[in-house]
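Residue strings, one per chain:
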There are 2 protein chains.
Amino acid sequence: MKLTEAKSEFIQSWGVLGSQWGINRTMAQLHAVLLVANEAMSTDELMEELQVSRGNVNMNIRELMDWGLVTKHIVPGERKEFFSADKDIWRVATKIMYQRKKRELDPMVEVLNRLSEVEGDKRDKDVKAFTDTVNDIRKFAGHAEKTLTVVIKAEENWFWGSFMKMFK
Amino acid sequence: MKLTEAKSEFIQSWGVLGSQWGINRTMAQLHAVLLVANEAMSTDELMEELQVSRGNVNMNIRELMDWGLVTKHIVPGERKEFFSADKDIWRVATKIMYQRKKRELDPMVEVLNRLSEVEGDKRDKDVKAFTDTVNDIRKFAGHAEKTLTVVIKAEENWFWGSFMKMFK
DNA sequence: CCGAACTTTCAAAAATAATTGAAAATATAA
DNA sequence: TTATATTTTCAATTATTTTTGAAAGTTCGG
């Protein structure tokens, strides 16, 4: 298989994967392009590679920077900005987990905490079904939260740090 | 907070969470309704609760059954079908993980395996950047795959089974 | 077999999300 | 400062996804 062909298949698949995870296709594809690029790329090069508009590249690259997956570089003597992706896959994964935890898990936990204080007779079957489920999810989310935090911070920790190296 | 109010807020939030994870809102909301219901519900009751069409309920309930999150019940003497959700949150989580692994991780791994056989000089920087990234992701996905499999099958295993009980 | 009760299907409509592209804003070199 | 290169914004357009609803299909008691 030729490099060009392989690259475009990779970009394609990464785009599909992203969209199944609520990340828009262009954002995922930009990430893919930068992941397999051997050096930082300009907006124009990215537009050319994916055949999308300047505005689209601009917005999605900024989103990728927000997630901490992509960094901007200023090359002396050049007017344009260049972008590159963090290629350490473990770090990529933890950054994504961190963002999703922050944006999705945390707000859900907050809602669940409020909802566990529903008023009414605990012997009422409807009330019981509701509070039981909410509390179960709450407990589960609490564990997930802790586990994620450990994983995300694992590298900074001497014990888990060396344990996690096995995954790299 | 009143039960009705709490319920609808829960359904709402679960729907938002779902849509951020590539699951359509109605599917997630149906799941939410059944998670907090004290008994199995009919299509008509679900339509009423969420104010959506019969076709919509039908299709999404079937999807939930595909995922193994919801089961159909036939009540003797009743012509209608009733539905209920598995309320064991740990099992819910592993079922979702299993489905997503099967539908998303597995195909990605397949693509990556094919792509790692790209032809060309390994000293070419473009080729190297590509194969390095692909192989890193491949290795990572392999670990993720194994970990997920262990977690999903944990209950069937005497050692992990009792370990996992801590999470419940 | 009939007909009522219920479920399934799917083309069309509606809702939502992503993308464009050109104008406005900003940055830089001279 | 001015001219020019580059980035950013966002209303309008386009693409995608979801939902509807009515017709077709199925099931079942009598």
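Residues numbered from 1 in each chain as written. Chains lettered and ligands numbered in written order. Predicted model: local features only at pLDDT ≥ 70, side-chain atom pairs only at ≥ 80, totals over all residues. Heavy atoms only, no water.

Going by what an unreviewed UniProt entry lists, chain A is known as HTH-type transcriptional regulator and is assigned to Sediminibacterium ginsengisoli. UniProt annotates chain A under Sequence similarities (unreviewed entry) with the comment "Belongs to the GbsR family." (UniProt positions renumbered as here; feature names shortened; annotations may be inferred.)

### A short note on the overall build of chain A
Helix and strand counts for chain A come out as 7 helices and 3 strands. When the helices and strands of chain A are placed in sequence order, the string is α-α-β-α-α-β-β-α-α-α. For chain A, whose C-alpha radius of gyration is 21 Å, the value lies well above the compact-globule estimate of 15 Å for 168 residues. Referenced to the eigenvectors of the C-alpha coordinate spread, the extents of chain A come out at roughly 70 × 40 × 35 Å. Here chain A holds 168 residues, and 43% of them are scored as buried. Accessible surface, chain A as shown: approximately 9500 Å² in total, 54% of it carbon and sulfur. Considering chain A, the positive charge centre built from 26 side chains and the negative charge centre built from 26 side chains are found 3 Å apart. (Helix = DSSP H or I, 4+ residues; strand = E, 2+ residues; numbered from the N terminus. Rg over C-alpha atoms; globule rule 2.2 N^0.38 Å. Buried < 20%, exposed > 50% of the residue type's maximum accessible area, 1.4 Å probe, protein only. Areas by Shrake-Rupley, 256 points an atom, 1.4 Å probe, with all protein chains shown as cover. Lys, Arg positive; Asp, Glu negative; His and termini not counted. Charge placed at Lys NZ, Arg CZ, Asp CG, Glu CD.)

### What to know about the environment of Asn113 of chain B
On the secondary structure map, Asn113 of chain B appears in helix α5 (residues 89-115). Counting along the chain gives 19 residues from Asn113 of chain B to Thr94 of chain B, while the straight-line C-alpha distance between them is 26 Å.

### Let's talk about the domain arrangement of chain A
Residue and element names in this part refer to chain A. Partitioning chain A into domains gives domain 1 (3-85) and domain 2 (89-167). Taking the mean C-alpha position of each, domain 1 and domain 2 sit 31 Å from one another. Taking both sides of the interface into account, the surface hidden between domain 1 and domain 2 amounts to around 710 Å²; carbon and sulfur atoms contribute 63%. Of all residues in domain 1, Trp21, Trp67 and Leu69 give up the largest surface area on contact with domain 2, accounting jointly for 62% of the area buried on that side. Remark: the boundary between domain 1 and domain 2 carries 1 salt bridge. Residues Glu63 and Arg103 are paired through a salt bridge, measuring 3.6 Å at the closest nitrogen-oxygen approach. Class assignment of the residues belonging to the side of domain 1 that touches domain 2 gives a composition of 4 nonpolar, 2 polar and 2 charged. (Domains from an automatic or database assignment. Buried area = accessible area lost by both parts, 1.4 Å probe. Salt bridge = Lys/Arg side-chain N within 4 Å of Asp/Glu carboxyl O. Nonpolar A, V, L, I, M, F, W, Y, C, P; charged D, E, K, R; others polar.)

### Notes on the pattern of salt bridges
Residues and elements named next belong to chain A. Going through the model one piece at a time under the given rule, you end up with 28 salt bridges over all chains. Among the ionic pairs, Asp121 bridges to Arg123, the shortest N-O distance being 3.2 Å. Overall, Arg123 belongs to the exposed group, its relative accessible area being 72%. When salt bridges with common partners are traced through the structure, they connect Asp86, Asp88, Arg91 and Lys95 into a single cluster.

### A word on the protein's contact with DNA strand D
Inspection of the region around DNA strand D gives 16 residues, with Asn58, Arg62 and Glu81 of chain A together with Thr26 and Ser53 of chain B positioned closest. Counting only atoms of DNA strand D within 4 Å of the protein, the fraction found in sugar and phosphate groups is 67%. Between a phosphate oxygen of DNA strand D and a side-chain N or O atom of Asn58 of chain A, the distance comes to 2.3 Å. A distance of 2.6 Å is found between a phosphate oxygen of DNA strand D and a side-chain nitrogen or oxygen belonging to Thr26 of chain B. Elements with a minimum of two residues in the surface near DNA strand D: α4 (54-66) of chain A together with α4 (54-66) of chain B. Top contributing element to the surface near DNA strand D by residue count: α4 of chain A, with 5 residues. Looking at the surface near DNA strand D, its residues break down into 2 nonpolar, 8 polar and 6 charged. (Near = heavy atom within 4 Å. Polar contact = N/O pair within 3.5 Å; in protein donor to acceptor, adjacent residues only side chain to side chain.)

### Side note on the sheet that holds strand β1 (residues 41-42) of chain A
Residue and element names in this part refer to chain A. An order of β1-β3-β2 is seen for the 3 strands of this open sheet, with the pairing classed as antiparallel. Every interior strand has two partners, whereas the edge strands, β1 and β2 (70-74), have only one. Of the strand pairs in this sheet, β1 and strand β3 (residues 81-85) are connected by 2 bridges, and their pairing is antiparallel. Across the sheet, Met41 pairs through a bridge with Phe83, a residue of β3. In the packing of α4 onto the sheet, the strands contacted are β2 and β3, and the crossing angle to β2 comes to about 110 degrees. (Pairing = 2+ DSSP bridges. Contact = heavy atoms within 4.5 Å. Axes fitted to C-alpha atoms, helices over the stretch in contact; angles between N-to-C directions.)

### Describing the interface of chain B and chain A
On the side of chain A, 48 residues touch chain B, which itself brings 48 residues to the contact. Summed over both sides, the interface of chain B with chain A buries roughly 4500 Å², with 68% coming from carbon and sulfur. The salt bridge involving Lys2 of chain B is made with Glu119 of chain A; its shortest N-O contact spans 3.1 Å. Linking chain B to chain A there are 14 residue pairs in polar contact (both at pLDDT 80 or more). Counting only elements with at least two residues in the side of chain B that touches chain A, the list comes to α1 (3-20), α5 and α6 (125-153) of chain B. Among the elements that take part in the side of chain B that touches chain A, α6 of chain B stands out by supplying 13 residues, more than any other.

### Overview of the UniProt feature "domain: HTH marR-type" (unreviewed entry) in chain A
Mapped onto this numbering, the UniProt entry annotates "domain: HTH marR-type" (unreviewed entry) at residues 22-79 of chain A. Between the end C-alpha atoms of residues 22-79 of chain A there is a gap of 34 Å, over a span that is 55% helix and 12% strand.

### Looking at the sheet that holds strand β1 (residues 41-42) of chain B
Residue and element names in this part refer to chain B. Strand order in the open sheet made by the 3 strands is β1-β3-β2, with antiparallel pairing throughout. Every interior strand has two partners, whereas the edge strands, β1 and β2 (70-74), have only one. Two elements, β2 and strand β3 (residues 81-85), share 5 bridges in a ladder whose sense is antiparallel. Residue pairing in the sheet places Val70 in a bridge with Ala85 of β3. Most of the contacts of α4 go to β2, to which it runs at about 110 degrees, and overall it touches β2 and β3.

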